[in-house]
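Structural overview
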Amino acid sequence: DIVLAAMVGLGRPSRAQAALRFIPLWAILSLANMLIGIFQAGYGWVEEAGVLAIVFGVPAVAAFALSKLLKA
């Protein structure tokens, strides 16, 4: 994900901390995407919740794993 790579690449003082800071930012962006899907595209809450789980979950897990890898 480009946002995660940018935050880790530019992260100071610690790249591991930058990877963790990505998670709340990505949550906000993912929720905005969900709301656009519901209110503008006309998808249901349940459909969008499934998409949100993937759109948010996969990069968030990757960011968390990367933060642990960078601390080692």
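Analysis parameters
Residues numbered from 1 in each chain as written. Predicted model: local features only at pLDDT ≥ 70, side-chain atom pairs only at ≥ 80, totals over all residues. Heavy atoms only, no water. Helix = DSSP H or I, 4+ residues; strand = E, 2+ residues; numbered from the N terminus. Buried < 20%, exposed > 50% of the residue type's maximum accessible area, 1.4 Å probe, protein only. Areas by Shrake-Rupley, 256 points an atom, 1.4 Å probe, with all protein chains shown as cover. pLDDT = per-residue confidence, 0-100. Core = buried A, V, L, I, M, F, W, Y, C linked by side-chain atoms within 4.5 Å. Contact = heavy atoms within 4.5 Å.

Across its full length, the protein chain holds three helices and zero strands. Mapped from its N terminus to its C terminus, the protein chain presents α and β elements in the order α-α-α. Sorting the 72 residues of the protein chain into buried and exposed places 26% on the buried side. Of the roughly 4,700 Å² of accessible surface on the protein chain, 74% is carried by carbon and sulfur atoms.

So, on to the confidence of the model for the protein chain. With 86% of its residues at a pLDDT of 70 or more, the protein chain shows a mean pLDDT of 88. The weakest mean pLDDT in the protein chain belongs to helix α1 (residues 2-10) at 70; the strongest belongs to helix α3 (residues 45-71) at 94.

The biggest cluster of nonpolar side chains holds five residues, and these are Phe22, Ile23, Trp26, Ala60 and Ala63. Breaking this core down by element, the ones donating at least two residues are α2 (15-39) and α3. Looking at this core, the element that brings in the most residues is α2, giving three residues.

Let's shift gears to the environment of isoleucine 23. As for its position among the elements, isoleucine 23 is in helix α2. Taking the C-alpha atoms as reference, isoleucine 23 lies 8.1 Å from proline 59; in sequence the two are 36 residues apart. Apart from residues no more than four positions distant in its own chain, isoleucine 23 is found in contact with Phe56, Ala60, Ala63 and Phe64.

It is worth spelling out the environment of glycine 44 at this point. Inspection of the secondary structure assignment puts glycine 44 in the loop between α2 and α3. For glycine 44, a relative accessible area of 28% corresponds to the partly exposed category.

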